[in-house]
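# Structure assessment
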Amino acid sequence: MKKSILSFFISMLIGGQWCEAQSYLASTIEKTDKEAMQYEILGKVGSHYWVFKNNAGISTIAQYNEQMQIVKQNDLSFLPKSLNGLEFISSNDQVVIFYQFQVNATVYAAVAKLNADGKLMGEPKIMDTADKIRPGSGTKVFNLLRSDNEEKILLFSINKTNASAIKVKTLSLNKNFELLSESEFIVQSQNKKSALSDFALDNQGNLFCLRNITQTNMAPAVSLLYLSADGKEVIESAIVNNSLELDEIRLKIDNAKGQVILNSFYATEKKGHVEGLYSYLWDVAAKKEILTNANRFTDFNRGAVSSKRNLKNVFDTYYLDKVATQADGSYTVIAEAADSYSNRNNYFSRWDFYWGGAFYNPFMFNYWNRPFGFYPWGRFGWGMGPWGFNSFGMGPWGFNFWGNPFMWGNPFASFGYPSVTYNANKIALLSFDAKGNLQSIKTIDKSQNDQNVDQFIGYGTIENQEGIHFLYHQKRKGQHSLVFNSLTKQGQLEKGAVVLANEKNYEWMPRMLKQVSDNEAILPYQNKNRIGFAKVKFK
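The sections below set out a description of the structure shown in this document. Everything numeric here is computed off the predicted structure, so don't read it as measured data.

### So, the overall build of the protein chain
- The number of helices and strands found in the protein chain is 2 helices and 37 strands.
- Looking at the protein chain as a whole, 59% of its 539 residues are labelled buried.
- Sequence separation of 24 or more characterises 51% of the internal contacts of the protein chain that already satisfy a separation of 6 or more.
- Put simply, the protein chain shows about 23,200 Å² of open surface, and 48% of that area lies on carbon and sulfur atoms.

This is how it looks when you write it as structure tokens:
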């Protein structure tokens, strides 16, 4: 089942310019893969593409060859039947499995290594433990971060059992999971008025996160926290801003420039329209703020993302997704227009989640990764976590992520609940220079919607030396297409490559796209409530 763009004529009709051929190759769905299968795409290990699968509590690694045929299945029988958390770190020759399990009131954090054949290397190793966890709670206690250069790993836990203080414990590890240093620090929480979010690790092993302090009748006070790689130094830098109402702050590390970049849409009054984008830069070497900038959107800027006559509120449905940095210190902020409404006239409003943003949840300590999208309705558990539909198991240690990977939004709409329409529309690419000044706005013009589920809308990306490449699924007049766009390193948006996807009843899931090599990714699809996988080639 291989499709590709073979004619200049098709590309000119769809996108107005020529691209090299893009293609995909889909696997068949295994008979043993059940409807409620949990999965994670791990990457390319050796010459095979690895996918973790869990069917009714049985965990395996499926290895696909270049033709997307399964050539090997590895049983992971060493994993406990009941897990509090499960994560994977893949490289060219091995996969490290990081998992959490509970025995009585103790949660254990363990690692196991698989070689390129999928066989266990040695015995699993316990890395840390946490006591006094309610038995059967399924609480996810430990969190894992890896630096962009894949050399540094941080294992940390956050304890909020004390109402006046948040205790953060960290284990700094090298890429082989060998301990480098261990530390603890306390964040005063003023009777649970503080919360930590958006954790990130730079290439030197320094930890960064945001601290949010709830204030009566005011937006939260926000500061940037820095913990040195050796755990000996903690610095808090307040994000001082008295006139702007910041919304959904996002943190990005620019390792090449040694900077931390924060971006946030802002309004000038409570529940006002989005007026612009605020940027904050912090220098890692100097250990201080070096720049703040508030770019107010002009009508020209607003007109770049909408054709509406009334331009005042056009950015109200846009939400930040990610930031791409360049070698000269410039960067591009990527945002997508998203909203929802029900048949009971319940239209989604950004301000339902104001002061923190529609996607911001300080309690979800794994939420900064956002591997499956960032849609506003996902804030309180209606979106995907690493395992699918979120289940709430909130305790002093955080949230759980377990459940059904298919039902997003409202799975019970046909049983008397309101029917919900989800929309994911244009992608805005906002380019800034090294001083945080807005230079240009470009858009990828898409329009997607679905009823009661949302995993088939949105987009996925891969990054390589050429730039950022976007993929989304378009349904139009009964025809399914995979649409490719690219933002080059020079800032040029190349639009329009389209691959027709004619398989009947295939629903593609672009937000779950996982990059596995420089120009390849694995894209899941759903057919009759069961999951299959396709290899997508970007050129």
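### A closer look at the environment of S481
- Checked against the element boundaries, S481 lands in strand β32 (residues 479-488).
- Given a relative accessible area of 8%, S481 falls into the buried group.
- Expressed as a C-alpha distance, the spacing of S481 and V499, which sit 18 residues apart in the sequence, is 5.5 Å.
- Those residues in contact with S481 that sit more than four places away from it in its chain are Y472, H473, Q474, V498, V499, L500 and A501.

### Things to note about the environment of Y64
- You can see Y64 is positioned in strand β5 (residues 58-64).
- The buried category is assigned to Y64, whose relative accessible area is 2%.
- Separated by 13 residues in the primary sequence, Y64 and V51 have C-alpha atoms spaced 8.1 Å apart.
- In terms of polar contacts, Y64 uses its side chain to reach the side chain of K53, at 2.9 Å.

### Quick word on the pairing of strand β21 (residues 276-283)
- Burial within β21 is extensive, with 8 of its 8 residues counted as buried.
- Burial of the side chains of β21 extends over both faces: G276, Y278, Y280 and W282 are buried on one face and L277, S279, L281 and D283 on the other.
- Pairing of β21 with strand β22 (residues 288-296), which is carried by 8 bridges, proceeds in the antiparallel orientation. By the bridge assignment, G276 is partnered in β22 with R296.
- Between the end of β21 and the start of β22, which pair antiparallel, lie 4 residues, with K287 showing a positive phi angle near 60°.

### Thoughts on the nonpolar core
- Judged by nonpolar contacts, the single largest core of 22 residues is most densely connected at F265, F297, F315, Y318, V333 and L430.
- Those elements that place two or more of their residues in this core are β20 (259-267), β21, β23 (318-325), β24 (331-342), β27 (420-432) and β28 (438-444).
- Considering every element that reaches this core, the biggest residue donor is β24, with 4 residues.
- Membership of the second largest hydrophobic core comes to 20 residues, among which are L210, I235, L251 and L262.

### Some thoughts on the sheet that holds strand β7 (residues 85-90)
- Strand order in the open sheet formed by 4 strands is β7-β8-β9-β10, and the pairing between neighbours is antiparallel. Edge positions in the open sheet fall to β7 and β10 (120-130), since each of these has one partner strand only. Across the sheet, the mean angle from the axis of one strand to that of its neighbour is 20°, orientation sign disregarded.
- Sheet topology note: the β7/strand β8 (residues 94-103) ladder contains 6 bridges and is antiparallel. Considered in β8, the bridge of E87 is made with F98.

### Here we look at the side chain of D198
- With respect to the secondary-structure elements, D198 resides in strand β15 (residues 194-201).
- For D198, the side chain forms a polar contact with the side chain of S197, separated by 3.4 Å.

Parameters and conventions
Residues numbered from 1 in each chain as written. Predicted model: local features only at pLDDT ≥ 70, side-chain atom pairs only at ≥ 80, totals over all residues. Heavy atoms only, no water. Helix = DSSP H or I, 4+ residues; strand = E, 2+ residues; numbered from the N terminus. Buried < 20%, exposed > 50% of the residue type's maximum accessible area, 1.4 Å probe, protein only. Contact = heavy atoms within 4.5 Å. Areas by Shrake-Rupley, 256 points an atom, 1.4 Å probe, with all protein chains shown as cover. Polar contact = N/O pair within 3.5 Å; in protein donor to acceptor, adjacent residues only side chain to side chain. Pairing = 2+ DSSP bridges. Core = buried A, V, L, I, M, F, W, Y, C linked by side-chain atoms within 4.5 Å. Axes fitted to C-alpha atoms, helices over the stretch in contact; angles between N-to-C directions.

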